[in-house]
Amino acid sequence: MVTFEINGQVANVEEGMTILDAAKKLGIKIPHLCYDPRLKPYGGCRLCLVEIEGARNPVPSCAAKVTEGMKVQTDTVTLHEIRKTIVELLLSNHPQECLTCENTGQCALQDIAYELGVREISFEGEKHFHTVTDPSPFVEREMDKCIVCARCVRICRDVQHCSVYTLAFRGFEIIPTTPYDKPLTESNCVFCGQCISTCPTGALTSKISRFKGRPWQTQSTTTTCPYCGVGCQLELITKDGEIIDIQTFPGEGVNKGNLCVKGRFGYGFVNHHERLKTPYIRKEGELKEASWDEALDYIAVRLKEVKKESGPDAIGFLSSSKCTNEENYLLQRLARAAIGTNNIDNCARL
Amino acid sequence: MAGLAAAFGSGAMTNSIADIPKADVILITGSNTTEAHPVLALEIISAVKNGAKLIVIEPRRIKMADYADIYISQKPGTDVELYNAMMNVIITEGLTDKDFIKARTEDFDALEKTLKKYTPEKASKICGVPADTIVEAARLYAKAGAATIIYAMGITQHTTGVDNVLTMANLAMMTGNIGREGTGVNPLRGQNNVQGACDMGALPNVLPGYVRVDDKDGRKKMEEAWGVKKLPDKPGLTAPEMIDAAANGDIKAMFILGENPMLSEANLVHTEIGLGNLDLLVVQDIFMTETANLADVVLPGASFAEKSGTFTNTERRVQPIRQAVEPVGSALPDWMIITMIAKRLGHKMEYRSPSEVTDEITHVVSQYGGITSHRVAKCGISWPCPTPEHPGTPILHKDKFVRGKGKFHAVEYRPPAEVTDKDYPLILTTGRYLQQFHTGTMTRRVAGIEDLAPRCKVQVHPADARKYKVNDGDMIRVTTRRGSIEAAADVTDTIRQGVIYMPFHYAEAAANTLTNAALDPVAKIPEFKVCAANIEPKNL
């Protein structure tokens, strides 16, 4: 443990912790744009600069580690001016499109501009027109909204190990893009959407969530992914009884906030028009709609008949490894206690 | 699972996902990790980038092989021969952990004797792998401070599946790679709650908590909990056996919850005969699946987003699922439907919510004793967790094995049930795509996903493509003794010559029409990974 002072408060934190992580732990907010707990410190955006007693210049708190006896100030007049200038510079080359931008309400740039009270932009100059038309089914790329924090480049390279993006071109023209500036569908992209999950602005957004709802109109429910056995934790974002997006908390859960293509984008089946909405009973060779009472009575009568005529072991149950523990428990109880057979299995073998 | 249970006393993953980066050497076999467990694969690749050594043993050159220090492409179905040869090297070169073998295990002598004849030179011929590579892999694994084995269904889906798993257990125990951080034998579960379904006793030979059905005291505990006089004491039938019993008339009614055997069972023609022969087939699902289409009664269940409960992931971690939306139409949560049927059969099951079932489970399943609905709502907990104060168990077999001593099994190599011949000269092996899931019931209905992986492709080695006159992208016919399907050829050198590969997601080109339903004698797992096949251009 190391002892240090932050905004006059004395605190003990684990050795090796960055000032930003320590501040987070202590509930002190430092603005940042290029930081993601899944990524190595980058020190690119300079918004998390803090003042350290004895240091010549402000230092990026995402990269600097806490040392014994260190005295840190996170919110001085100088820091405020530096941050405001940085945000003004970013906004001078950013479309003022917040009214309809997909990321409004969950945009880190928008939040920081608001918190710093940036209303007038003192810099005027050329703006990017980089919007990319990408036929990818999931990733919308609006590169004129990119602030070149390289989070997409870094998460794709260091976490997803795909290296689809790189920072291309020079100077003012610099943007993250694919090899030869081709669409994602022509790269080795696996459409995990990790780049969307880390992008702080509206430059990378989910195509299938566009215009479906604003953050303040939606509910969020933490749950477990229904696909493979890893058990990734995710947030179902719902509006008016429908899932409109899946998000994660970076760094959290067994998956540390990472997801694959199925986990992040594979929710469309829930409200698919082919979902079974009523019971069916086969009559004259065809499956016909039936009421719950009709269907359940029919099942009970027929199961009793089979049990009476041929014994309980003439009945078999296949339980589901897609269903919950509780449901599997109840179905095997039904087989064993209500019918009296051990003919119950699940698809563990398949 | 049967294999690990015999060796260690528990069939579950021994270590946690978070533990993988602590390994010095990672051995992946029979797992196409980047496609079937993509987020877990990220951890493995990160570990390799941070200095861990990686051995990949897999007939196809999967993505993981790109990161491997040693990559071995063995002939499908020759795993026992290969691993026995690795262990032969480890013993010959004195790389065993003698203290561990002496203190923690039994029956090593019989194994040592059996392994004598498994020289790398002999294995080289049977497995189609250079003998030197076998020696290198054996040395790398055995010399590691901590080595972990990660496997999936490429190991288990064989008629020698249990033997394959036993060789994994032998390898780990003889080198002392079990019960510590960064070690272990770790089977990855393919579906979200396979682990939980097994834990809950949705298996024919065990009650909840792996209590054998012939254990009188175990039955008595359940009889009291469920208010019944006598539970059946003889093991029931496994899924493939039920299909056989349906075909010959011994099983007359089946209730299938959220499964689609009409795509997932081996030998689909036989599966359809079995299910078609039933007097009563009830299917409870969220879509009209290929199986539901054959049913007499279909019940609409709820999807994961429309109900609450818990799933147990591959590392034994029990985690909550929470309702976010209402079930569609008049669909009902599956737990509720089961209680309604029980009531009509005269067996009372009264629960107001799934959390009451979660709490009942804590009373009857000792491993879940401390995993209450209240605790699990806050965070995931890995079983065994016997009491409400217990923190859970990320690493099994720490000071002693669940069964007491770890048991070595002297396993001999047996060839697969079906080997190639003049009429069927190629080996067919099956698997999954990253984008699609299992029988595609869910993913094939998701627009963008279906765009990314719209159709089944059959991987064919370029030399075989020339031999059988098929071109990349052409429709070809794949035939086995059980049937034939048509699909596009994907000519690629990532597959071994003489082997073809296809996924089983697609109903219109159902791989399991072709696969062999021959079962492992103990685990009763069909041999999805090896059968003999032939290919020809479609227009012939």
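Definitions and limits used
Counting starts from 1 at the beginning of each chain's written sequence and moves along it residue by residue. As a convention, the first chain written is A and the first ligand written is 1, with the rest following in written order. Local features in this predicted model are restricted to residues whose pLDDT is 70 or higher, and side-chain atom pairs enter the listing and the counts only when it is 80 or higher, whereas totals over whole chains, interfaces and linings include all residues. Calculated side-chain values reflect all of the structure's heavy atoms, with hydrogen atoms and water omitted. Domain start and stop points were drawn from an automatic or database domain assignment. Residues are treated as being in contact if the distance between any of their heavy atoms lies within 4.5 Å. Accessible area that two parts lose when put together, with a 1.4 Å probe and added across both, is what the buried area reports. Definition used for salt bridges: Asp or Glu carboxyl oxygen within 4 Å of a side-chain nitrogen of Lys or Arg. To sort residues, take the accessible area from a 1.4 Å probe on protein chains only and compare it with the maximum for the residue type: under 20% means buried, over 50% means exposed, and anything in between is partly exposed. Numbering goes from the N terminus for both helices and strands, where a helix is a DSSP run of H or I of at least four residues and a strand is a run of E of at least two. Here, a strand pair is defined by DSSP locating no fewer than two bridges between the strands. Residue count minus one, scaled by 1.5 Å, sets the expected span of a helix. Think of a polar contact as two N or O atoms within 3.5 Å of one another; within protein, one of them needs to be a possible hydrogen donor and the other a possible acceptor, and neighboring residues in sequence only count if both atoms come from side chains. Any residue that is not Ala, Val, Leu, Ile, Met, Phe, Trp, Tyr, Cys, Pro, Asp, Glu, Lys or Arg is counted as polar, Gly included; the first ten are nonpolar and the last four charged. His residues and chain termini do not enter the charge count, which takes Lys and Arg as positive and Asp and Glu as negative. For helices, the axis comes from a line fit to the C-alpha atoms of the stretch in contact; other axes are also lines fit to C-alpha atoms, and the angle between any two N-to-C directions lies between 0 and 180 degrees.

> Please clarify how the domain arrangement of chain B should be interpreted in this entry.
As a measure of interface size, the accessible area lost when the parts come together is often cited. All names here are of chain B. We note that the domain assignment places domain 1 (2-188), domain 2 (194-382) and domain 3 (426-537) within chain B. Its C-alpha centre places domain 2 at a distance of 30 Å from the equivalent point of domain 3. Contacts between domain 2 and domain 3 engage 16 residues on the former and 20 residues on the latter. Summing the contributions of domain 2 and of domain 3, the shared interface buries around 1,400 Å²; its carbon and sulfur component is 69%. Taken together, domain 2 and domain 3 are joined by one salt bridge.

> Hey, could you run me through the pairing of strand β1 (residues 2-6) of chain A in this one?
Regular strands place their side chains on alternate faces of the sheet. All names here are of chain A. Because side chains alternate across β1, one face comprises the buried residues Val2, Phe4 and Ile6, and the other comprises Thr3 and Glu5, none of which is buried. Bridge analysis of β1 against strand β2 (residues 9-13) gives five bridges, and the strand direction is antiparallel. Its bridge partner being in β2, Thr3 is matched across the sheet by Asn12. Joining the antiparallel neighbours β1 and β2 is a turn of two residues, in which Asn7 adopts a positive phi near 50°. Pairing between β1 and strand β5 (residues 71-73): two bridges, direction parallel. Bridge pairing links Glu5 to Lys71 in β5.

> Please explain helix α4 (residues 79-92) of chain B as it appears in this structure.
Helical periodicity: at 3.6 residues per turn, an α-helix aligns residues three or four positions apart in one direction. Residues and elements named next belong to chain B. Its 14 residues place the ends of α4 20 Å apart at the C-alpha level, agreeing with the 20 Å of an ideal helix rising 1.5 Å per residue. The element α4 is largely enclosed, with a buried count of 12 among its 14 residues. For α4, every residue scored as buried is listed here: Asp79, Val80, Glu81, Leu82, Tyr83, Asn84, Ala85, Met86, Met87, Asn88, Val89 and Ile90. Directly after α4, the chain includes Gly94, whose backbone phi takes a positive value near 65°.

> Before we go on, may I ask you to explain the interface of chain A and chain B in this structure?
Contact with chain A, which involves 102 residues of that partner, is made by 147 residues of chain B. For the pairing of chain A and chain B, the buried interface totals around 10,600 Å² over both sides, and the portion due to carbon and sulfur atoms is 65%. Across the chain A-chain B interface, the total number found is eight salt bridges. Remark: the boundary between chain A and chain B carries 66 residue pairs in polar contact (both at pLDDT 80 or more). Looking at which element gives the most residues to the side of chain A that touches chain B, the answer is helix α8 (residues 325-339) of chain A, with 14 residues. Looking at side-chain class alone, the side of chain A that touches chain B contains 49 nonpolar, 32 polar and 21 charged residues. Bridge count for strand β13 (residues 280-283) of chain A against strand β11 (residues 297-300) of chain B is two bridges, and the pairing is antiparallel. Along β11 of chain B, the bridge assignment pairs Ile281 of chain A with Val297 of chain B.

> Just checking my understanding: could you explain the domain arrangement of chain A for this structure?
In terms of domain boundaries, chain A breaks down into domain 1 (2-75) and domain 2 (312-350). On a C-alpha basis, the centres of domain 1 of chain A and domain 2 of chain A stand 55 Å from each other.

> Which parts of the structure should I look at to understand the side chain of Asp245 of chain A?
All names here are of chain A. Tracing the sequence through the fold places Asp245 in strand β12 (residues 242-247). Buried and unpaired, Asp245 has Arg264 as its nearest opposite-charge partner, separated by 7.1 Å. Among the polar contacts made by the side chain of Asp245, one reaches the side chain of Ser209 at a distance of 3.1 Å. When near neighbours in sequence (up to four residues on either side) are disregarded, Asp245 contacts Ser206, Ser209, Glu235, Leu236, Ile237 and Tyr267.

> Hey, could you run me through the pattern of salt bridges in this one?
Where charged atoms from two side chains of opposite charge approach closely, those side chains can pair. Inspection of every chain in the model, using the stated rule, returns 44 salt bridges over all chains. For Arg157 of chain A, the salt bridge is made with Asp158 of chain A, and the minimal N-O distance between the two is 2.8 Å. A residue is classified by how much of its surface remains accessible, and Arg157 of chain A, at 37% relative accessible area, is partly exposed. You can call Asp158 of chain A partly exposed: its relative accessible area is 26%. In this structure, Lys117 of chain B and Glu412 of chain B form a salt bridge, with 3.0 Å as the shortest nitrogen-oxygen distance. Here Lys117 of chain B is found in the loop between α6 (108-115) and α7 (120-127), whereas its partner Glu412 of chain B is found in the loop between β15 (406-407) and β16 (426-431), with 295 residues between them in sequence. Residue class for Lys117 of chain B comes out partly exposed when judged on its relative accessible area of 44%. In this structure Glu412 of chain B comes out as partly exposed when scored by relative accessible area, which is 37%. When salt bridges with common partners are traced through the structure, they connect Glu97, Glu142, Lys145 and Arg210 of chain A into a single cluster.

> So what exactly am I meant to see when it comes to the pairing of strand β18 (residues 475-480) of chain B here?
All names here are of chain B. Here β18 shows one buried face, formed by Ile476, Val478 and Thr480, and one open face, formed by Met475, Arg477 and Thr479. As defined by bridge partners, β18 adjoins strand β19 (residues 483-491) across six bridges and the pair is classed as antiparallel. What sits directly across from Met475, in β19, is Ala488. Linking β18 to β19, which pair antiparallel, is a turn of two residues. Here β18 runs beside strand β23 (residues 531-537); their pairing, made up of four bridges, is antiparallel. The residue of β23 that forms the bridge with Val478 is Ile535.

> I tried to follow the sheet that holds strand β11 (residues 233-239) of chain A on my own but got confused; where do I start?
Residue and element names in this part refer to chain A. Spatially, β10-β11-β12 is the arrangement adopted by the three strands of the open sheet, whose pairing is antiparallel. Each edge of the open sheet is held by one strand with a lone partner, namely β10 (219-224) and β12. Going across the sheet, the axis of each strand differs from the next one's by a mean of 35°, ignoring polarity. Here β11 pairs with β12 via five bridges, running antiparallel. Paired with Lys239 across the bridge in β12 is Glu242.

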